[in-house]
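Chains, contacts and geometry: an overview
Residues per chain, in single letters:
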Amino acid sequence: MIEARGLTVDYPRGRRAGRSAGPAFDRALDGLDLSLPRGSSLAVVGPSGCGKSTLLYAIAGLVPAAGGSLHVDDRPPAERSGTALVFQDYGLFPWKTALQNVELGCRGGSRAGKEAQDRRSRGADRDRALSLLEHFGVGHGADKYPAELSGGERQRTAIARALAAEPDLLLLDEPSSSLDALSKESFQRAVLGLCSHSDSPKNLTVVLVTHDIEEAVFLGSSVAVMERGRIRAVLDNPLFGDPSLRERLEYYEFCLGVRRLLEGEP
Ligand code: ADP
């Protein structure tokens, strides 16, 4: 579903006094290769600044490639519909309630979402938005504004809104970075249901960026380790899909293997 070959992404550099020498850009992705089949979930880990978010934005079609190629379903990312991105700060409209935010997801975004909306009335959108909120445990907060919800509830509302558009590719940027430990675990269980397809259509592909190794191993059917704008290794995760993974020793052993790769061991 996602194919990147030698992908390079540059950000233009500010031209402040004294910075006119050197390249006019910062290279965030530098010849990155990635191949991801439909229906899989890829967790991307790596040190801060290695290009994880940039990779997500490139897959979402928000930043252009300066070199190499990137295709999602054989198309340039910016030309396709069906991709939903949940930003780190959730991107909810503060002046709309949780329910209204998710209803917007039913209406907006992808062509698939718009076609789906044509088939449904506004009332049906409302029912669907409510059932998505209930599914993610925020039904009780449907009429609250984002500022009245906890961090975990806001994050789950943002995912519900992303799914309302019926995407086939869900991109999550540091999805649980601002949650406390218990909210994080319940959020991760909800996302695991999506990644492992017990709670989602079989063809949903998920890419999530995280700095949390345990989250990556819990949620990724494969785990990509990034460094300096490239993917250093992709590990298949045979443990993926078990909601009780945290009770298994192999989980922590796998996490240790990822940590060692991150620390630069061969
Ligand atoms: P990560 O998500 O792994 O922390 P990012 O993708 O955010 O990394 O950033 C990769 C590199 O690109 C970093 O060096 C960062 O400073 C740079 N960068 C990110 N966004 C911008 C931007 N909007 N303008 C200029 N440079 C940026």
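Scroll up to find the structure.
Not measured: the values here are computed from a predicted model. (Residues numbered from 1 in each chain as written. Predicted model: local features only at pLDDT ≥ 70, side-chain atom pairs only at ≥ 80, totals over all residues. Heavy atoms only, no water.)

For the protein chain, the helix and strand inventory stands at eight helices and nine strands. Taking 266 residues into account, the globule formula puts the C-alpha radius of gyration at 18 Å, and the protein chain, at 19 Å, falls close to it. Across its three principal directions, the C-alpha atoms of the protein chain cover 55 × 50 × 35 Å. The burial tally for the protein chain puts 49% of its 266 residues in the buried class. Nonlocal contacts in the protein chain, meaning residues at least 24 apart in sequence, comprise 70% of its contacts between residues at least 6 apart. With an accessible surface of roughly 12300 Å², the protein chain has 50% of that area assigned to carbon and sulfur atoms. Charge centroids of the protein chain, computed over 33 positive and 36 negative side chains, lie 5 Å from each other. (Helix = DSSP H or I, 4+ residues; strand = E, 2+ residues; numbered from the N terminus. Rg over C-alpha atoms; globule rule 2.2 N^0.38 Å. Buried < 20%, exposed > 50% of the residue type's maximum accessible area, 1.4 Å probe, protein only. Contact = heavy atoms within 4.5 Å. Areas by Shrake-Rupley, 256 points an atom, 1.4 Å probe, with all protein chains shown as cover. Lys, Arg positive; Asp, Glu negative; His and termini not counted. Charge placed at Lys NZ, Arg CZ, Asp CG, Glu CD.)

This paragraph deals with the environment of Ile-59. Turning to its location among the elements, Ile-59 is positioned in helix α1 (residues 52-60). Since its relative accessible area comes to 0%, Ile-59 is described here as buried. The spacing of Ile-59 and Glu-134 is 75 residues in sequence and 29 Å in space, taken between C-alpha atoms. Apart from the residues lying within four places of it in its own chain, the contact partners of Ile-59 are Ile-2, Leu-70, Val-72, Pro-77, Leu-169 and Leu-171.

Time to look at unusual backbone geometry. Keep in mind that most residues, glycine aside, have a negative phi and that most peptide bonds are trans. Unlike most non-glycine residues, Asp-74 shows phi in positive territory, near 65°. By the secondary structure assignment, Asp-74 is in the loop between β4 (67-72) and β5 (83-86). Residues other than glycine seldom take positive phi values, yet Glu-174 does so here, at roughly 45°. Its place among the elements puts Glu-174 in the loop between β6 (169-173) and α6 (181-195).

For the rest of this paragraph, the subject is the side chain of Asp-242. By the element assignment, Asp-242 lies in the loop between β9 (230-236) and α8 (249-262). In this structure the side chain of Asp-242 is engaged in a polar contact, spanning 2.9 Å, whose partner is the side chain of Arg-248. The contact partners of Asp-242, leaving out residues within four places of it in the chain, are Leu-192, Phe-218 and Arg-248. (Polar contact = N/O pair within 3.5 Å; in protein donor to acceptor, adjacent residues only side chain to side chain.)

Looking now at the site of the ligand. Around the ligand, a shell composed of Tyr-11, Ala-28, Pro-47, Ser-48, Gly-49, Cys-50, Gly-51, Lys-52, Ser-53 and Thr-54 is seen. With respect to the ligand, the backbone of Gly-49 contributes an N or O atom lying 2.7 Å from an oxygen atom. Interatomic distance of 2.9 Å between a side-chain N/O atom of Lys-52 and an oxygen atom of the ligand. Protein contacts shield 58% of the accessible area of the ligand, which totals 560 Å² for the unbound molecule. (Near = heavy atom within 4 Å.)

Taking 1.5 Å as the rise per residue, α6 with 15 residues should run 21 Å; its terminal C-alpha atoms sit 20 Å apart, in good agreement. What α6 keeps buried is the set Ser-183, Lys-184, Phe-187, Gln-188, Ala-190, Val-191, Leu-192, Gly-193, Leu-194 and Cys-195. Check the buried side of α6 and you find it contacts β3 (41-45), α5 (151-164), β6, β7 (205-209) and α7 (213-219). With a side-chain oxygen positioned 3.2 Å from the backbone nitrogen of Leu-182, the residue opening α6 is Asp-180. A positive backbone phi angle near 70° is found at His-197, which sits one or two residues after α6. (Expected span 1.5 Å × (residues − 1).)

All right, on to the pairing of β3 then. Burial runs high along β3: five of the five residues are buried. Taking every second residue as pointing to the same face, both faces of β3 are buried, with Ser-41, Ala-43 and Val-45 on one and Leu-42 and Val-44 on the other. The sheet contact formed by β3 and β7 spans four bridges and is parallel. Within β7, the position partnered with Val-44 by the bridge is Val-209. (Pairing = 2+ DSSP bridges.)

The next subject is the packing of aromatic side chains. In total, this model carries three aromatic pairs according to the counting rule given. A ring pair is formed by Tyr-57 and Phe-87, whose centres lie 6.1 Å apart and whose planes are at 45°; its orientation type is tilted. Placement of the pair is Tyr-57 in helix α1 and Phe-87 in the loop between β5 and α2 (98-107), with a sequence separation of 30 residues. Centre to centre, the rings of Phe-93 and Trp-95 are 5.1 Å apart; their planes meet at 40°, and the pair counts as tilted. When its relative accessible area of 32% is taken as the criterion, Phe-93 is described as partly exposed. We note Arg-246 situated over the ring of Phe-218; from NZ or CZ to the ring centre the distance is 4.2 Å. (Phe/Tyr/Trp six-rings, centres within 6.5 Å; stacked < 30°, edge-to-face > 60°. Lys NZ or Arg CZ within 6 Å of the ring centre and 35° of its normal.)

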